[in-house]
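Structural characterization, general
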Amino acid sequence: MEKLNHFCHPHPLVLLEDNCNTDIARITYCSGCKERVEGSRYNCLECDFCLHKSCAELPRKINHPFHLSHLLILYEKRPRYPSKVPGFVCNSCRKEKGEDEFVYHCSSCRFDLDIKCALLPHLITGDFSKLEHFSHQHSLFFIQNHYIEPQYQSCFACEEPMSGPIYFCFDCKFFLHKKCFELPFEIKHPSHHKHPLTLLANPPPHHEKCCCRLCSKPCKGFIYYCSPCEFGIKAKYAVSDDVIKSKNHEHPFTLLSRPISFICDTCGSDGEYCIPYVCTARNLVVHRECISLPRNILITRHDHPVSHIYFLEEKEVRKRSCRICQNEINTEYGCYHCRGCDYFVHVNCAMDKDIFIQEYEVTDENQNLTQINLGWLIGEPSITHVLKEKKIGEEVIAIEIKHFNHGCKLVLCDDVKDEKCCDGCMRSISTPFYYCAECNYILHKRCAELPRKTRHWASKDTFTLTFFTYFQCDICCFLSSGLGFNNDAGGSDYCISCFLIPDAVTTQGHRHRLFFDHKFTFKCSTCDDGHQKKGAFICKLKECDHFTLDYTCLTSPNTAQYKYDEHPLRLTYCDNIHHHSDQCVCDICEESRDPNEWFYYCGICDNSAHFLCVLGKKPFFKLGLTHEYGFHEHPLTFAKKDYFHDYLKCSNCDKYCKEVFLKCTQSGCKYLIDWECLLQLE
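No experiment lies behind these values; they were computed from the predicted model shown. (Residues numbered from 1 in each chain as written. Predicted model: local features only at pLDDT ≥ 70, side-chain atom pairs only at ≥ 80, totals over all residues. Heavy atoms only, no water.)

**Topic: the sheet that holds strand β38 (residues 462-472)**
Strand pairing in a sheet is mediated by backbone hydrogen bonds. Such pairs are either parallel or antiparallel. If you walk across this open sheet you meet the four strands as β37-β38-β39-β40, and the pairing is antiparallel. Bordering the open sheet on either side are β37 (453-455) and β40 (493-495), each of which pairs with just one other strand. Neighbour-to-neighbour, the strand axes of this sheet turn through a mean angle of 50°, independent of strand direction. Bridge count for strand β39 (residues 479-487) against β40 is three bridges, and the pairing is antiparallel. Within β40, the position partnered with Phe485 by the bridge is Tyr494. (Pairing = 2+ DSSP bridges. Helix = DSSP H or I, 4+ residues; strand = E, 2+ residues; numbered from the N terminus. Axes fitted to C-alpha atoms, helices over the stretch in contact; angles between N-to-C directions.)

**A short note on the packing of aromatic side chains**
Ring pairs (aromatic) are described by centroid distance and by the angle formed between their planes. Scanning the entire structure with this criterion turns up 24 aromatic pairs. Ring geometry for Phe516 against Tyr551: centres 6.2 Å apart, planes inclined by 55°, an arrangement best described as tilted. Highlighted residues: Phe516 in strand β42 (residues 510-522) and Tyr551 in helix α8 (residues 551-554), separated in sequence by 35 residues. This pair shows no difference in class: Phe516 is buried, exactly as Tyr551 is. Centre to centre, the rings of Tyr573 and Trp598 are 4.8 Å apart; their planes meet at 75°, and the pair counts as edge-to-face. Placement of the pair is Tyr573 in the loop between β46 (569-572) and β47 (599-602) and Trp598 in the loop between β46 and β47, with a sequence separation of 25 residues. (Phe/Tyr/Trp six-rings, centres within 6.5 Å; stacked < 30°, edge-to-face > 60°. Buried < 20%, exposed > 50% of the residue type's maximum accessible area, 1.4 Å probe, protein only.)

**Section: the confidence of the model for the protein chain**
In this model, the protein chain carries an average pLDDT of 82, and 88% of its residues clear a pLDDT of 70 or more. Confidence drops under a pLDDT of 50 for residues 19-25, and excluding neighbours within four residues, the segment shows nine contacts in the predicted structure. Counting contacts from residues 122-127, a segment whose pLDDT is below 50, to residues more than four positions away or on other chains yields twelve contacts. (pLDDT = per-residue confidence, 0-100. Contact = heavy atoms within 4.5 Å.)

**Structural notes on the sheet that holds strand β18 (residues 231-234)**
Read from one edge to the other, the open sheet built from four strands follows the order β15-β16-β17-β18, with strand pairing classed as antiparallel. Each of the sheet's edge strands pairs with one partner strand only, and the pair in question is β15 (186-189) and β18. Between one strand and the next, the sheet's axes are offset by a mean angle of 30°, whatever the strand orientation. Examined bridge by bridge, strand β16 (residues 192-200) and strand β17 (residues 223-226) share three bridges and lie antiparallel to one another.

**Quick word on the environment of Ser191**
Looking at the element boundaries, Ser191 is found in the loop between β15 and β16. Since its relative accessible area comes to 6%, Ser191 is described here as buried. A C-alpha to C-alpha distance of 7.9 Å links Ser191 and Pro259, two positions 68 residues apart in sequence. Not counting residues up to four positions away in its chain, the partners in contact with Ser191 are Phe231, Ser257 and Ile275.

**Structural notes on the pattern of salt bridges**
All chains considered together, the criterion is met by 22 salt bridges. For Glu35, the salt bridge goes to Lys116, with nearest N and O atoms at 3.1 Å. Linking Glu35 in the loop between β2 (13-16) and β3 (41-44) with Lys116 in helix α2 (residues 115-118), this pair joins segments that are 81 residues apart in sequence. Glu160 serves as the salt-bridge partner of Lys236, at 3.1 Å between the closest nitrogen and oxygen. (Salt bridge = Lys/Arg side-chain N within 4 Å of Asp/Glu carboxyl O.)

**Digging into the environment of Arg60**
One can find Arg60 in the loop between α1 (53-56) and β5 (61-64). Sequence separation of Arg60 and Leu72 is twelve residues, and the distance between their C-alpha atoms is 8.3 Å. Sequence-distant contacts of Arg60, defined by excluding residues within four places in its chain, comprise Phe7, Leu72, Ile73, Leu74 and Tyr104.

**Remarks on the nonpolar core**
Core analysis: the biggest nonpolar cluster contains 101 residues, and Leu51, Tyr104, Ile115, Leu176, Tyr224, Phe253 and Tyr336 have the highest contact counts within it. Counting residues in hydrophobic clusters, the runner-up holds 64 residues, among them Ala448, Cys495, Cys553 and Cys586. (Core = buried A, V, L, I, M, F, W, Y, C linked by side-chain atoms within 4.5 Å.)

Laid out in structure tokens, this is it:
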């Protein structure tokens, strides 16, 4: 057998051919590129290490045209630098790569290429070209084949996803399709006969609101423009067909070739002095971009596919509101709707990049769109076994269950005797709930019945219900323990309380219904923490002056206990007692309070405090959870400061512990570490 000593592995590697039948040949993933192994591979006979033959034979140093100033060196994992997270982003395809993937790296420039991009066949042979273009100050490289995925980069000229042959500048991340690179400098267009149109790299600076005359949307990137007439069209419309056929409409659309003002029958928005296409058979006037609008689509905000209609036929005239922006829909023009749910949205709202998922193709098997559920029916339930059921009226209720996160039997209860927390959402227990008397494990009934895998109305990804020793919710930013939803695409964790909030809510702190606006940039009206945030629940009524609520305030518990107050504090929405600003003082931090902001209050003791002073940064930690860490030989358990722990010092930094700390469970070992030090060590 052929053997290889590889720099990234301490043991010799043995070459195994395609037809090898040994047990070791069943290893399927390469330790270098993390892709499935097919064909010849090098394996370690002592452990599960495996490399493609091509990955094992990669050159240690290469001269690359994308980084001519220094050699690139092959590493088994990218070197770690201060303040840098594990892993790397390839400087060519812009994809995030794992910490333990092979990488060609320049330590002087901190430049990275994954092995695919570093060794594209035409670059290895030196068959690449570098050209100049009027739109960019640097030379552009031509690549016939690339690994850039559409969601990572778009063309500077047409703003369409990158596909096919491309030109790009490595220093500026400037990308052009080959077809956009080769656009003619001047054209004659049927919609503007007076003068030729000249290609510009950007809209003219003196024309702040330069809009395309074909789609009426602001111009970005390349534009064909006539300066004397201030007439411009996007470069992607340089070749405009006089007649366009659409698979979603039975008749062709014809270019009018004259700018007019109109309301588009497809999307319902204005076409202010732009060039439309018309369907004479149905008397429709539409934007060019709206011709290809899909008939049925999936969106994040609704569990069924929604369908496009040009107008709504109904006997009774009713006002309709868009369920995304909450503004009125003119039903004489186009919109998307789900007839089974009486659900309507504007076309532009439905096609927003954060809302639109994909086109939905109707077949003979799925013609009834209201039976297609994209929401809760994705994964198996969290309840693994129903041990006992009880029928109450027409409803059958599980009264004894087993849950994936707890091995013992859980019994349904409706009597709260002590102040306890749910081990799922970490909120105060309320009825009904499931209880394990042996382990004192508690789950709200709604937490126990959550699906293992589902989707969220604010995301296109799926989420898996997971147990965390601790995690930070990416919505409310609270640190928490217990169950949470982990994004299967990576990058975000949601606590149960935030995950279950719908996109329209009512709260005791405001008299009107609040709607989620994913574009709204704001400061919260109830806490005003001074930080601008994007996405919030807002009141659309003018009289409320855009009352805004962030997730942190919306999910704050109605009652809370502070360590120095014997009574529970109640969340209060307006201070009508201490209405003068000099009387509004937080009894914890002793700083002033805004009487119009939410706070916690004890009516018995007349104590009031900022709600974050009461809750702290980690109000939903499960104290007593035990976990093992590599920096200490014994397991550590979570604890929180109280009367008896006020002056305990951290064994790592020798400073007093602030709020949450971990202490050693081993008898006689006095090791403890503050939470902040734990994060630094990890």
